[in-house]
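Descriptive structure summary
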2 protein chains.
Amino acid sequence: MNVCSTHELHQEKLDQLPGLLREVGLDCWLVWVRETVQAPDPVLHLILGAELVWPSALLFTADGQRIAIVGSFDAAVIPDVLYTRVVPYTEGIAQHLRAQLDMINPRSIGINESRNDVAADGLTAGMKAVLADILAPTSHADKLESAERLVGHLRGRKSPTEQTRIREAVRITEQILAELDSYLAVGQTEVEIQEHVHRRMAELGVGFAWQAAGNPAVDAGPNKPFGHGSPLANRTKAGHLLHIDFGVQTAGYSADIQRMYFFGSPDEVPEEVAHAFDTVRDAIARAAEILRPGVRGQDVDEAARAYVVDRGYPPFAHALGHQVGRFAHDGGTLLGPPWERYGDSPRGVVEPGNVFTLELYVPTENYGQVSLEEDVLVTADGCAFLSKPQRALRCIRRTVR
Amino acid sequence: MNVCSTHELHQEKLDQLPGLLREVGLDCWLVWVRETVQAPDPVLHLILGAELVWPSALLFTADGQRIAIVGSFDAAVIPDVLYTRVVPYTEGIAQHLRAQLDMINPRSIGINESRNDVAADGLTAGMKAVLADILAPTSHADKLESAERLVGHLRGRKSPTEQTRIREAVRITEQILAELDSYLAVGQTEVEIQEHVHRRMAELGVGFAWQAAGNPAVDAGPNKPFGHGSPLANRTKAGHLLHIDFGVQTAGYSADIQRMYFFGSPDEVPEEVAHAFDTVRDAIARAAEILRPGVRGQDVDEAARAYVVDRGYPPFAHALGHQVGRFAHDGGTLLGPPWERYGDSPRGVVEPGNVFTLELYVPTENYGQVSLEEDVLVTADGCAFLSKPQRALRCIRRTVR
């Protein structure tokens, strides 16, 4: 990725900010970080393509100011084309931060603290305490509030460059999966299949949308619980299913796709497997039919969940869909059930430009789980599939040697 | 890095914990995280070689219990050999966390909140609020305190495997720097030199101790402020200095070294450059003489700082030394001046097993800055250089083409 294209993306995201600040009723947004290699705030990827070492304040106002207060050794990494003012310091940031806030004189200051959204929760507990100390002598101390909605919009409404990059990540992920059809065979181990995919990724020069140990997740046979664990020495067998959960990252953006394979001919697919596959495929299609701007996340989840239960299966033990972008799990509104662990994220509202996964599994009695996952882009009045939805089990009849 | 060696390292770090908990007077330590790919707590590298998705509690007690309460889909990544109990959940973690704490019944619970140390500040503001809500109905709510000292000891006292890995990172960093002697020539750009180093790193299969854009930092000529910025199209010139700040990461551990080159023969080195070089080299040697267990970080910084001022230079605008380990800037006690931006970290006390940089610069009138950096290991009664200290400017007489 060259420097120009990075700036183009950050420019697009920074251009969204004044409108979003007004929309959520914030006068300014404060990103307050230190040693970002070790303690990365997830928003930094969107607004600055560099790491900061000393305590740093990035300030954005509803009238378009972009101010970076950074250690003197960090000043060189702040692009002039992106920031309207760079304030370097040596011994301490406190007086500079207070002075800049005095000049802005905001009524409200959004900070990255969120119970619900990991992507809007980049402020650490210690740094929040330091900020409180710095602002204590000023009137700004009482103006701090959560920027959760701002960050959710900024991250969720994918800009043109972001959409292009996600499409490219999906394209390469699908290419590698398509090539697997001519590689897979009865008798391979999960580890061998994962290593094959890793070699192809290296050849294509792409990274991992999540940690390599579980990407792709490769689950062969009926007794492997799906999750984020590593592949085992399990071997693929005739008459068994194979599940793959895979996503590459390219130019900093991710894909996340699940596919199902059957070792045998199409007419050998057991009835209970066919029923399970059709259920998962059609539940995803039903969710896609109602996914549109304005709908609540939990209502989309509920549509797929009710369909699965209606077809005689227990409800799946995870959310139907998460956002995809910088990260495979990108935070913000979730297409999920209103469970404690999800906080308020399922009550969020879907917006144009959001990219979601649609994914779920059902169990079979004798063949393990059947699970699929597609990636979709929310449009003005509905959604468009970015991945080509799997319509039928991929049947593999080859045997090793 | 294979799985066995990873477990060996985590085992060594986890084995340190009961003693450290008793030493700092904590009954238990709670690491409380979610979506660690996006929001990594810096301590996770030391105690678990995997990422966690759902809200997760890792609990460690002074009597040696290691309990992981994690989402059902994350349970597979917790190694049985490292954790004494794994508690998986589906809908919410709250009741499980309360139940485990009830069983432990601690008088104090350390959490990763620190004003001073980024490495001990992995708890986010939102997750702290969620934790407060979960514990509100219990007596545990009032037991929370900062685990800053615990994390500082755990991270700073390098185990045998950690020391071996840091030595290897230093060895490879020095190897690549040594090879530069036969590559560098008058007329090269900073960008070309960096790209050459990046190619060698790829050939040797090593990663970056900090972000690639500024690693190595390459600063040619008198008008380049040192920092973490990217190389420019500046060209090396006869009679000019070149500064390189470089560190590789291997098996998850880092090195951080600075070297100075002069384009010309040794007898052409200007007097003011020679005086500056000797000052920096000897200031580092003086600091190494007093660096030993029990000394305060700021006292080591002050020794080098006073020497530099005594030789007629302004004091350097950064700390003399930071710890090196998982990260090039590894947190904990700092060999630094008592400036606001460093918090309490310069008041920390040096311990056996700590690895520090010793680094500083002085300005010259006509040739820019002269800056060196070495890596040292604190021993029982002093310190040992891990890097081979630069004794003289490396003189390069070759010209491109």
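Residues numbered from 1 in each chain as written. Chains lettered and ligands numbered in written order. Predicted model: local features only at pLDDT ≥ 70, side-chain atom pairs only at ≥ 80, totals over all residues. Heavy atoms only, no water.

What about the interface of chain B and chain A?
With 55 residues of chain B at the interface, the matching set in chain A holds 55 residues. Summed over the three residues of chain B that lose the most area to chain A, namely Gln38(B), Phe73(B) and Arg341(B), the buried surface amounts to 18% of that side. One can count 4 salt bridges joining chain B with chain A. With its nearest N and O atoms 3.0 Å apart, the salt bridge here joins Asp133(A) to Arg115(B). Linking chain B to chain A there are 28 residue pairs in polar contact (both at pLDDT 80 or more). Per-element accounting of the side of chain B that touches chain A gives the leading share, 7 residues, to helix α4 (residues 125–135) of chain B. Considering only residue class, the side of chain B that touches chain A consists of 26 nonpolar, 14 polar and 15 charged. (Contact = heavy atoms within 4.5 Å. Buried area = accessible area lost by both parts, 1.4 Å probe. Salt bridge = Lys/Arg side-chain N within 4 Å of Asp/Glu carboxyl O. Polar contact = N/O pair within 3.5 Å; in protein donor to acceptor, adjacent residues only side chain to side chain. Helix = DSSP H or I, 4+ residues; strand = E, 2+ residues; numbered from the N terminus. Nonpolar A, V, L, I, M, F, W, Y, C, P; charged D, E, K, R; others polar.)

Considering the relation of the copies chain B and chain A
You can overlay chain B on chain A at an RMSD of 0.0 Å; the transform is a turn of 180 degrees with a shift of 0.0 Å along its axis. Those values place the two copies in the arrangement expected of a two-fold rotation axis. Mapped onto chain A, 100% of the interface residues of chain B again fall at the interface, so both copies present the same surface. (Least-squares fit on C-alpha atoms with pLDDT ≥ 70 in both.)

Comments concerning the pairing of strand β9 (residues 241–246) of chain A
Residue and element names in this part refer to chain A. Of all 6 residues in β9, 6 are buried; the element is thus mostly enclosed. Pairing of strand β8 (residues 217–220) with β9, which is carried by 4 bridges, proceeds in the antiparallel orientation. Bridged to Val218 within β9 is Ile244. Bridge analysis of β9 against strand β12 (residues 257–263) gives 6 bridges, and the strand direction is antiparallel. Residue Ile244 lies in a different strand from β12, and its bridge partner there is Arg259. (Buried < 20%, exposed > 50% of the residue type's maximum accessible area, 1.4 Å probe, protein only. Pairing = 2+ DSSP bridges.)

What about empty space enclosed by the protein?
Summed over all chains, the structure comprises 6 cavities of 30 Å³ or more. Of the pockets and cavities examined, the largest cavity occupies roughly 110 Å³. In terms of lining, the largest cavity is formed by 13 residues, of which the most central are Pro40(A), Thr124(A), Pro40(B), Gly122(B) and Thr124(B). Split by residue class, the lining of the largest cavity holds 7 nonpolar, 4 polar and 2 charged. There is about 70 Å³ of room inside the second largest cavity. Every residue lining the second largest cavity is listed: Val118(A), Asp121(A), Trp32(B), Val33(B), Arg34(B), Ala39(B), Gly122(B), Leu123(B), Thr124(B) and Met127(B). Here the residues of the lining of the second largest cavity sort into 6 nonpolar, 2 polar and 2 charged. (1 Å grid on protein atoms, 1.4 Å probe; cavity = no way out; pocket = protein on both sides within 12 Å on 5 of 7 lines; lining within 4 Å. Points joined across faces, edges and corners; volume = space filled by probe spheres on them.)

Observations concerning unusual backbone geometry
Residue Pro216(A) is bonded to the preceding Asn215(A) through a cis peptide linkage, with omega at 0 degrees. Examined against the element boundaries, Pro216(A) turns out to sit in the loop between β7 (207–208) and β8. Of note in this structure, Asn105(B) is not a glycine but carries a positive phi near 50 degrees. Locating Asn105(B) in the fold gives a position in the loop between α3 (94–104) and β5 (109–111).

Here's the deal with the environment of Pro266(A)
Summarising the element assignment, Pro266(A) is placed in the loop between β12 and α8 (271–290). Between the C-alpha atoms of Pro266(A) and Leu393(A), which are 127 residues apart in sequence, the distance is 8.0 Å.

Here's the deal with the sheet that holds strand β10 (residues 248–250) of chain A
All names here are of chain A. In spatial order, the strands read β7-β10-β11; together these 3 strands make up an open sheet with antiparallel pairing. In this open sheet, the two edge strands, each paired with only one partner strand, are β7 and β11 (253–254). Direction of pairing for β7 relative to β10: antiparallel, over a ladder of 2 bridges. Among the inter-strand pairings, Gly207 is bridged to a residue of β10, identified as Gln249. Of the strands in this sheet, β10 and β11 are in contact with helix α6 (residues 160–180), which crosses β10 at around 140 degrees. (Axes fitted to C-alpha atoms, helices over the stretch in contact; angles between N-to-C directions.)

Things to note about the packing of aromatic side chains
Under the definition given, this model contains 14 aromatic pairs over all chains. Seen from their ring centres, Tyr342(A) and Trp54(B) are 6.3 Å apart, and the 70 degrees between their planes marks the pair as edge-to-face. In this pair, Tyr342(A) is assigned in the loop between α9 (297–310) and β13 (355–363) and Trp54(B) in the loop between α2 (44–47) and β2 (56–61), connecting two distinct chains. Among the aromatic side chains, those forming a connected cluster through ring pairs are Trp54(A), Phe73(A), Tyr89(A), Trp339(B), Tyr342(B) and Tyr361(B). Sitting over the face of the ring of Phe316(A), Arg305(A) holds its NZ or CZ atom 4.1 Å from the ring centroid. (Phe/Tyr/Trp six-rings, centres within 6.5 Å; stacked < 30°, edge-to-face > 60°. Lys NZ or Arg CZ within 6 Å of the ring centre and 35° of its normal.)

So, the packing of α6(A) against helix α7 (residues 190–204) of chain A
Residues and elements named next belong to chain A. Two numbers describe how α6 lies on α7: the axes approach to 11 Å, and their chain directions differ by 135 degrees. Of the possible angle classes, the one that applies to α6 and α7 is oblique. In terms of crossing hand, the pair formed by α6 and α7 is right-handed. Within the contact between the two elements, α6 uses Ile172, Gln175, Ile176, Glu179 and Leu180 and α7 uses His196, Val197, Arg200, Met201 and Leu204. For the contact of α6 with α7, the per-class residue count stands at 6 nonpolar, 2 polar and 2 charged. (Parallel < 35°, antiparallel > 145°, perpendicular 65-115°, else oblique. Left-handed = near helix turned anticlockwise from the far one by under 90°.)

Examining the domain arrangement of chain A
Think of interface size as the accessible area that goes away when the parts come together; that is how it is often given. Residues and elements named next belong to chain A. When cut into domains, chain A gives domain 1 (3–155) and domain 2 (158–396). Computed over C-alpha atoms, the centres of domain 1 and domain 2 are 34 Å apart. Taken together, the 15 residues of domain 1 in the interface contact 16 residues of domain 2. A combined buried area of about 1300 Å² lies between domain 1 and domain 2, and 42% of that area is made up of carbon and sulfur atoms. Together, Leu9, Asn116 and Arg155 form the three largest contributors to the area buried by domain 1 at its contact with domain 2, with a combined 42%. (Domains from an automatic or database assignment.)

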